[in-house]
Amino acid sequence: MADCTQGQCRFTAKARIRLRADGTATVEAGYTDIGAGSTTIFPQIAAETLGIGISAIEGVSGDTDLPYAGPTYGSGTTLAMDTAVRLAANDVLRRLADVMSWAAEEVRADYGALICRDQRRSYGDILRAARFDEVVGDGEMVLPGGASADAGAPGLSSRTFGAMFVEVGVDPDLGLLRLRRATGVYSVGAVVNERTARSQMIGGLVWGWGTAAMEAGRFEPNLGRWLFPDLAGVPLPVNADIPPHIDMSFVDEFDPHAGPLGAKGFGELSATGIAAAVANAVFDATGRRVRDLPITPEKLLDPRM
C-alpha cells in the first residue's frame, strides 16, 4: 500500500459556445484532447448548464484560431476549461434572456427552453422570433492578478490525494514480478464524468506499473548519452501485464476553491502511488527492500540485497 498526492496548476482559458435555432450547439476552444476525455466532458458541462442533451452538442478543438484554452499538461485542462465552458454557457443564457427582455438572474434552463417565473420559451422559438441563426456566448477562466498560471486559490494549496493497494506475485526462482490486483481510492474534488475519470486512473496505473517494474532510462557513464535513443529498447507494459482485477473509486466531494464545478485535475495522480505500493508489496512477499526502480529480476535475485 502507498499514498499519493499531486499539486494543481491553474491556467487561464477561454471557451465559446454557439447555440443554434435547431437546438444544436458547439463548444469551441483550442485545447488538445490527448486521451483524457476532454472532448466528452466539456460538451457534457455545456449540456448540463444549457439543459439540452449531450448528443446535441459537438466539441470543436485543436485549432489555434479557436479561443485560447491553456496548455495540455499539469492536469490543468479540466480545471481551467470547466470554468470557461460553464461561463460561456451562462453567457448564452444571459443573451437569450436579453432577447426576451427578461432579467438574467431570474431565468433558468430546462430541456431546451428558457424559463422565467411562469413563462417558458424554447431556444428555437426565441431565436426564430428574433430572426437569429445562432447566439454566441463567451467564457473565460481569469486568475487573480491577471496571472497566466498559479498553484491554486490565494492562501490555499490545491492538491489531490489517494491511496493505492496492490497485490503482487514474485517467482522465487526466476525473480519474475507480476501484478495480481490493484485498488485505488482518490480524493479529486467533484468527478465530472466517472467513466472517463476511472479510465484515466487505470491508465495512470499502467504508467506506474511500467515505472515500478519495467521502464528504465540508462546513461552511458563516460559521455552521459542515452543508451536507448528511442522506445524500441525500453520495455513497456502491454495488456498481458495488467490484471483484470482493478478497482478505482473516488471520494464524493466538492472543492469550492477549485472552480464552479468543484473539480480538480488528476491526470498523473494514480501513477504517483503505484511504484511505492509495488515496492512495499515486494517487501511483504520477499523481505527484500528494493529502493531503486525498476524492480527487475536481477535485483530480486541479487544475494547482496
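Analysis parameters
Residues numbered from 1 in each chain as written. Predicted model: local features only at pLDDT ≥ 70, side-chain atom pairs only at ≥ 80, totals over all residues. Heavy atoms only, no water. Pairing = 2+ DSSP bridges. Helix = DSSP H or I, 4+ residues; strand = E, 2+ residues; numbered from the N terminus. Axes fitted to C-alpha atoms, helices over the stretch in contact; angles between N-to-C directions. Contact = heavy atoms within 4.5 Å. Buried < 20%, exposed > 50% of the residue type's maximum accessible area, 1.4 Å probe, protein only. Polar contact = N/O pair within 3.5 Å; in protein donor to acceptor, adjacent residues only side chain to side chain. Phe/Tyr/Trp six-rings, centres within 6.5 Å; stacked < 30°, edge-to-face > 60°. Salt bridge = Lys/Arg side-chain N within 4 Å of Asp/Glu carboxyl O.

(A) View of the sheet that holds strand β9 (residues 134-141). Strand order in this open sheet of four strands is β5-β4-β3-β9, and the pairing throughout is mixed. Only two strands of the sheet have a single partner each, and these edge strands are β5 (57-60) and β9. For this sheet, the mean inter-axis angle between neighbouring strands, taken without regard to orientation, is 20°. In this structure, strand β3 (residues 13-20) lies alongside β9, joined through eight bridges in antiparallel fashion. Bridging across to β9, Arg-18 finds its partner in Val-136. With respect to the sheet, helix α1 (residues 38-50) is in contact with β3, β4 (25-28) and β5, its orientation differing from that of β5 by roughly 135°.

(B) Just unusual backbone geometry, in detail. Along the chain, Leu-293 connects to Pro-294 via a cis peptide bond; the corresponding omega equals 0°. Take Pro-294: it is sitting in the loop between α5 (269-286) and α6 (297-301). Positive phi, close to 55°, is recorded for Arg-117, a residue that is not glycine. Mapped onto the secondary structure, Arg-117 falls in the loop between β7 (113-116) and β8 (119-122). You can call Arg-117 exposed: its relative accessible area is 68%.

(C) Here's a closer look at the environment of Asn-280. The residue Asn-280 is located in helix α5 in this model. Placed 278 residues apart in sequence, Asn-280 and Ala-2 show a C-alpha to C-alpha distance of 7.7 Å. Excluding residues that lie within four positions of it along the chain, Asn-280 makes contacts with Met-1, Ala-2 and Arg-289. From its side chain, Asn-280 meets the backbone oxygen of Met-1 in a polar contact 2.8 Å long.

(D) Geometry of the environment of Thr-196. Of note, Thr-196 is situated in helix α4 (residues 194-213). Through-space distance from the C-alpha of Thr-196 to that of Ile-115 is 32 Å; in sequence the pair is 81 residues apart.

(E) The arrangement of the packing of aromatic side chains in detail. Using the criterion set out here, one finds five aromatic pairs in the structure. Both rings, one in Tyr-31 and one in Phe-42, keep their centres 5.0 Å apart while their planes meet at 80°; by these two values the pair is edge-to-face. In this pair, Tyr-31 sits in the loop between β4 and α1 while Phe-42 sits in helix α1, placing the two residues eleven residues apart along the sequence. Take Tyr-31 and Phe-42: they sit in the same class, and that class is buried. Taken together, a centroid distance of 5.9 Å and an interplanar angle of 50° make the contact between Phe-250 and Phe-266 tilted. Of this pair, Phe-250 sits in strand β13 (residues 246-250) while Phe-266 sits in the loop between β13 and α5, and the two are 16 residues apart along the sequence.

(F) Inspection of the pattern of salt bridges at higher detail. Taken as a whole, this structure holds 14 salt bridges when the rule is applied. The partner of Glu-28 in a salt bridge is Arg-18, and the shortest N-O contact between them spans 2.9 Å. Remark: Arg-18 occurs in strand β3 and Glu-28 occurs in strand β4; sequence separation between them is ten residues. What makes Glu-28 buried here is its relative accessible area of 10%. Of the charged contacts, one joins Arg-94 and Asp-91 as a salt bridge, the two residues approaching to 2.7 Å between their closest N and O atoms. Of the two residues, Arg-94 and Asp-91 are both situated in helix α2 (residues 77-100); the distance of three residues between them amounts to about one turn of the helix. Looking at Arg-94, the relative accessible area reads 34%, which means it is partly exposed. For Asp-91, a relative accessible area of 10% puts it in the buried group.

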